[in-house]
Amino acid sequence: MRSRQMDYQADGWLLSTGGELRMPFSDTVKYSILGISVALLLLALGILIWQAFRCCTGGQATITQQDAVNRAPLCVVGKARTMRNYSGAPCTRMENVSTEVCGLSRCLSGASDLTSGSRQVDEEKQDAIKKVDGSIRFSIFYDQLQSQLVVTVLQVEGLLGPSQTCSLQPFVKLRLMWAGSVGVEVDDCTDKQGKGTAPILWTVLQEWRTRVVKGSCNPLFGDQFSCIMQDDKEFHHINLKMEVRHFDKFSRHTVFGEVRVPLGQLNITYPLELQEDLKTPQKDLVGEVLLTLKFLPTSQRLEVGLLKVRTVLTEICSDGALYARISVQCNQHKLSYQKTSAVAHSLVTVFNEVLMFSLSEFPLDQCKISVSVYETHMTRKLPKHLIGQLTLGKEENSQDKHWSLMMCSVRQPIAQWHGLLI
């Protein structure tokens, strides 16, 4: 009986009066075990959070790499591009259009090559820039308080000899151009060192024109132009292009020379006056056009199809629209022209229109096609704005491939991308 009573008392020592279990350890050991348990729990939570973070970042990196591989511009050769919108338009819209363009480019890759406009731009860049007679003096200033860029055309000097003073009517045309997109290296575009380079797609932000000064080889202008520039960090993408032209009332203006000023390389936070020599004028690539050509020899008809036009949007305008004016010239004589319908302006404007021209009196090898793309407004009465132009035909060496493919594949439409130049 005593032994049983002692066992009962020992078991009762492990239980508290409230029925709770007592550990035969001191308080120090208990708190040590509790601390180790909490530390292990925190370590496990930290490892779990780290694994989740790695999974998220790894998935985003994989998607980014796949997008970089799959994206391609409207040129037939694939190239990666980062589209930027000057007014800060949503990026998702651009990526969707780029994906659509990528698929279209792959479909046409077997029958098309780099655009002729791109070739012309790169060939002109490969040639040495020749100096022409004359120079232009101007000033540039960026007012940071008002976020305003001010350009002043002061004077043009030494245009022509004194014998041609009477017929000279010079003026200056200014364009503020922004580099909208840049492609990757392509085989058909090579620089001076033989490395493949892709053309830059430009867009015109602002366009101005000075007054005409009659009968002067050294005209004084003093005309000042200004525009609002919200972010001065974008200046390294902007060039100021100034063309000195001769005014002709009944024909096209003659370009004497041009000056290009990269704003990102200058400190224009204070008024800066410069004088630059005129250089040989060059064309700039401002867009791409997908054209189809089909020749019907029996009826002597030429079908020109305008499928798509790609440009760089600087701002989203609800009433902005594009239309094209396509004309056929034979033996330096304008035979006829037709206009497409106006379509709302977007990154890739879809027309899908076919225009037919009759060539019954002229042979096809003596004809060429001219395409001019204009921007207009549907609701506001504003003058039309020329986006860019292109010319193709047998006379144009850069367009021989598309023209030859059309002649070899009669009664079948041949599609190819061409560059819009300005």
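All values derive from a computational prediction rather than experimental measurement. (Residues numbered from 1 in each chain as written. Predicted model: local features only at pLDDT ≥ 70, side-chain atom pairs only at ≥ 80, totals over all residues. Heavy atoms only, no water.)

A. Main features of the overall build of the protein. A tally of regular secondary structure across the protein gives five helices and 17 strands. By the burial criterion, 43% of the 422 residues in the protein qualify as buried. Considering only intrachain contacts with a sequence separation of at least 6, the fraction spanning at least 24 residues in the protein is 70%. When the accessible surface of the protein is split by element, carbon and sulfur atoms take 54% of a total near 23,600 Å². (Helix = DSSP H or I, 4+ residues; strand = E, 2+ residues; numbered from the N terminus. Buried < 20%, exposed > 50% of the residue type's maximum accessible area, 1.4 Å probe, protein only. Contact = heavy atoms within 4.5 Å. Areas by Shrake-Rupley, 256 points an atom, 1.4 Å probe, with all protein chains shown as cover.)

B. Expanded view of the pattern of salt bridges. A full pass over the atoms with the stated rule returns 14 salt bridges. Glu273 is paired through a salt bridge with Arg137; the nearest N and O atoms lie 2.9 Å apart. Here the residue Glu273 occupies a position in strand β8 (residues 272–279), and Arg137 occupies one in strand β1 (residues 131–143), the gap between them amounting to 136 residues. For Arg137, a relative accessible area of 21% gives the class partly exposed. Of the charged contacts, one joins Asp223 and Arg211 as a salt bridge, the two residues approaching to 3.6 Å between their closest N and O atoms. In this pair, Asp223 sits in strand β5 (residues 220–228) while Arg211 sits in the loop between β4 (200–209) and β5, placing the two residues twelve residues apart along the sequence. Looking at Asp223, the relative accessible area reads 16%, which means it is buried. Assessed through its relative accessible area of 42%, Arg211 is described here as partly exposed. One continuous salt-bridge network, built from bridges that share partners, spans Lys173, Arg175, Glu207, Lys241, Glu243, Arg245, Glu258, Arg260 and Asp284. (Salt bridge = Lys/Arg side-chain N within 4 Å of Asp/Glu carboxyl O.)

C. Spotlight on the nonpolar core. With 39 residues, the main nonpolar core has Ile136 and Leu149 as its most contacted residues. For this core, the secondary-structure elements that each account for two or more residues are β1, β2 (148–157), β3 (170–182), β4, β5, β6 (238–246), β7 (254–262) and β8. Here Leu149 is in contact with Ile140, Phe141, Tyr142, Leu176, Phe225, Ser226, Cys227, Met229, Leu263 and Ile268, once residues within four sequence places are set aside. Listed in part, the 35 residues of the second largest apolar core include Val204, Leu291, Ile369 and Leu420. (Core = buried A, V, L, I, M, F, W, Y, C linked by side-chain atoms within 4.5 Å.)

D. Here's a closer look at the state of the cysteines. The tally for this structure, following the rule as stated, stands at one disulfide. Disulfide partner of Cys330: Cys367, at an S-S distance of 2.2 Å. Since a negative S-S torsion denotes a left-handed disulfide, the Cys330-Cys367 link at about 95° is right-handed. Taken as a pair, Cys330 in strand β11 (residues 320–330) and Cys367 in strand β15 (residues 367–377) lie far apart in primary sequence, 37 residues in all. A single burial state applies to Cys330 and to Cys367, both of which are buried. (Disulfide = S-S within 2.5 Å.)

E. Just the pairing of β11, in detail. Taken across its eleven residues, β11 has ten buried, putting it largely inside the fold. As paired strands, β11 and strand β13 (residues 343–344) are joined by two bridges and run antiparallel to one another. Within β13, the residue paired with Ala321 across the bridge is Ala344. In this structure, β11 lies alongside strand β12 (residues 333–339), joined through six bridges in antiparallel fashion. Across the sheet, the residue bridging to Ile326 is Gln338, located in β12. Hairpin connection between β11 and β12: a loop of two residues separates the two successive antiparallel strands, and Asn331 in this loop has a positive phi of roughly 55°. (Pairing = 2+ DSSP bridges.)

F. A look at the side chain of His402. Within the fold, His402 resides in helix α5 (residues 400–408). Discounting chain neighbours no more than four positions away, the residues touching His402 are Leu291, Leu293, Leu392, Ile414, Ala415, Gln416 and His418.

G. Focus on the packing of aromatic side chains. This structure, assessed with the given rule, holds five aromatic pairs. With 6.4 Å between their ring centres and 70° between their planes, Phe171 and Phe247 make a pair best called edge-to-face. Taken together, the residues Phe171 in strand β3 and Phe247 in the loop between β6 and β7 connect sequence positions 76 residues apart. Seen from the ring of Phe171, Arg209 lies directly overhead, with NZ or CZ sitting 4.5 Å from the centre. Across the ring face of Tyr374, the terminal group of Lys384 is positioned such that the distance to the ring centre comes to 4.5 Å. (Phe/Tyr/Trp six-rings, centres within 6.5 Å; stacked < 30°, edge-to-face > 60°. Lys NZ or Arg CZ within 6 Å of the ring centre and 35° of its normal.)

H. Inspection of the side chain of His246 at higher detail. Secondary-structure assignment places His246 in strand β6. Of the residues examined, His246 reaches a relative accessible area of 17% and is grouped as buried. Of the polar contacts made by the side chain of His246, one reaches the backbone nitrogen of Gln169; its length is 3.1 Å. Setting aside anything within four residues of it in sequence, one finds His246 in contact with Ser167, Leu168, Gln169, Phe171, His253, Thr254 and Phe256. (Polar contact = N/O pair within 3.5 Å; in protein donor to acceptor, adjacent residues only side chain to side chain.)

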